[in-house]
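# Coordinate inspection notes
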Amino acid sequence: GKKLRDLIDKEEYRNLNRYTPREIAEILDKIGGMDKFNTGEIEKSVVNIYGHLQGHIQRGMYELENETNALLRQKSDVGAFVRGENAYAIAKCSFKNNFYKPKTVVDVKLAINILDAEMISPIYHYQVPVETIVKDVISKHVHELIDQEIKELNMTLIDEGKEELTDTEMVFEKIKALDNYIDDDVENEQSKRYQFVAKRFMDKISGLQAEIDPDEFDPLNIRENIKRIIDNENIRNRGFNTAVNNITSILDTSK
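## Some words on the overall build of the chain
Along its length, the chain carries nine helices and two strands. For the chain, the α and β elements follow one another from N to C terminus as α-α-α-α-β-β-α-α-α-α-α. In the chain, which comprises 255 residues, the share counted as buried stands at 20%. In the chain, once contacts between residues fewer than 6 apart in sequence are set aside, the share between residues at least 24 apart is 45%. As displayed, the chain has an accessible area near 19800 Å², and 55% of this comes from carbon and sulfur atoms.

## Some points on the pattern of salt bridges
Per the counting criterion, the structure on display carries seven salt bridges. Ionic pairing is found between Lys 199 and Asp 203, a salt bridge with its closest N-O pair at 2.9 Å. Taken together, the positions of Lys 199 and Asp 203, both in helix α7 (residues 199–204) and four residues apart, correspond to about one turn of that helix. When its relative accessible area of 13% is taken as the criterion, Lys 199 is described as buried.

## Digging into the layout of surface pockets
A volume near 380 Å³ is recorded for the largest pocket. Every residue lining the largest pocket is counted, 18 residues in all, and those nearest its centre are Lys 135, Ile 138, Arg 193, Tyr 194 and Met 202. Elements that contribute at least two residues to the lining of the largest pocket include exactly α5 (130–159) and α7.

## Things to note about the nonpolar core
Within the largest apolar cluster, 20 residues are counted, with the highest numbers of intra-cluster contacts made by Val 130, Val 134, Ile 146, Ile 205 and Ile 230. If you list the elements that add at least two residues to this core, you get α5 and α8 (222–232). The element contributing the most residues to this core is α5, with eight residues. Once residues within four sequence positions are removed from consideration, Ile 146 is found in contact with Lys 174, Ala 177, Leu 178 and Tyr 181.

## Thoughts on a nonpolar patch on the surface
A grouping of Ile 42, Val 46, Tyr 50, Leu 53, Ile 57, Met 61 and Leu 64 is seen on the molecular surface, where their side chains present a nonpolar patch of about 720 Å² in accessible area. Position of Tyr 50 relative to the elements: it lies in helix α3 (residues 40–74).

## Some points on the side chain of Lys 227
Among the structural elements, Lys 227 can be located in helix α8. Once residues lying within four places of it in the same chain are set aside, the contact partners of Lys 227 are Val 130, Leu 208, Gln 209, Ala 210, Glu 211 and Ile 212.

## So, α8
All buried positions along α8 are accounted for by Glu 224, Ile 226, Lys 227 and Ile 230. Down the axis of α8, the buried set is contained in an arc of 165 degrees. They therefore lie on one face. Exposed positions of α8 whose direction lies more than 90 degrees from the buried face are Arg 228, Ile 229 and Asn 232. Looking one or two places after α8, you find Asn 234, whose phi comes out positive at around 60 degrees.

## Here's the deal with the packing of aromatic side chains
The tally for this structure, following the rule as stated, stands at one aromatic pair. A cation over an aromatic ring shows up here: Arg 200 above the ring of Phe 201, its NZ or CZ 4.3 Å from the ring centre.

## Looking at the confidence of the model for the chain
The predicted model of the chain averages 76 in pLDDT, with 67% of residues at 70 or higher. Per-element confidence in the chain is highest for helix α6 (residues 167–177), whose mean pLDDT is 90, and lowest for helix α4 (residues 78–81), whose mean pLDDT is 54.

Criteria and cut-off values
- Residues numbered from 1 in each chain as written.
- Predicted model: local features only at pLDDT ≥ 70, side-chain atom pairs only at ≥ 80, totals over all residues.
- Heavy atoms only, no water.
- Helix = DSSP H or I, 4+ residues; strand = E, 2+ residues; numbered from the N terminus.
- Buried < 20%, exposed > 50% of the residue type's maximum accessible area, 1.4 Å probe, protein only.
- Contact = heavy atoms within 4.5 Å.
- Areas by Shrake-Rupley, 256 points an atom, 1.4 Å probe, with all protein chains shown as cover.
- Salt bridge = Lys/Arg side-chain N within 4 Å of Asp/Glu carboxyl O.
- 1 Å grid on protein atoms, 1.4 Å probe; cavity = no way out; pocket = protein on both sides within 12 Å on 5 of 7 lines; lining within 4 Å.
- Points joined across faces, edges and corners; volume = space filled by probe spheres on them.
- Core = buried A, V, L, I, M, F, W, Y, C linked by side-chain atoms within 4.5 Å.
- Patch = residues over 30% accessible without salt bridge, like charges linked within 9 Å, V, L, I, M, F, W, Y side chains within 5 Å.
- Arc of directions from axis to C-beta.
- Phe/Tyr/Trp six-rings, centres within 6.5 Å; stacked < 30°, edge-to-face > 60°.
- Lys NZ or Arg CZ within 6 Å of the ring centre and 35° of its normal.
- pLDDT = per-residue confidence, 0-100.

See the structure below:
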């Protein structure tokens, strides 16, 4: 009688827990413990797979670079003029005998592409208005302040034991932070857009180009002094000078 009751209890227990995780756990415990059912080895395999993949990609990039440099070295113009490590910057390079002195003079036509990543400062056109440069400087300063706010917010979250902001959340936080620094109310002197440079200063340099007519020049005027500050900081020419330095560096190391 006892064996029959135990059998009935066991079958009822199985029926009650047929679709519950508890039964699965019991089965796993009977088959093997944590030493057999863990993802450690799988995780190691995934890491190794990604490591090998990264190695293949890197090796492919090296091969592509070497093949490109080999092709360029075979050319009588680019390969003979610029070293392989600078070959990526050449957009066009050709040699031609000079029309007037073909036997002694060779004309070189060289076009070099400078990547944005190599530029520390943007390149401004020579005649770009002073007002545009000032606005760009203000905009850059605003984004630096916003980046600092996001950094401090992340530090606060870490101190509280929370996760840092995701990339998407950072974008939203930066957009919300813009309200603290700028707005579109151009005519209002109390507008947030004028908290760094007052409206009366911006009005003074409105339409001011790179040069001032000598007949209108007054060294004690506000606009002349704002222009002098911009010129002393070399903001207008800094990006162009960087590009010239990069080109000069390439030419200095050429054959």
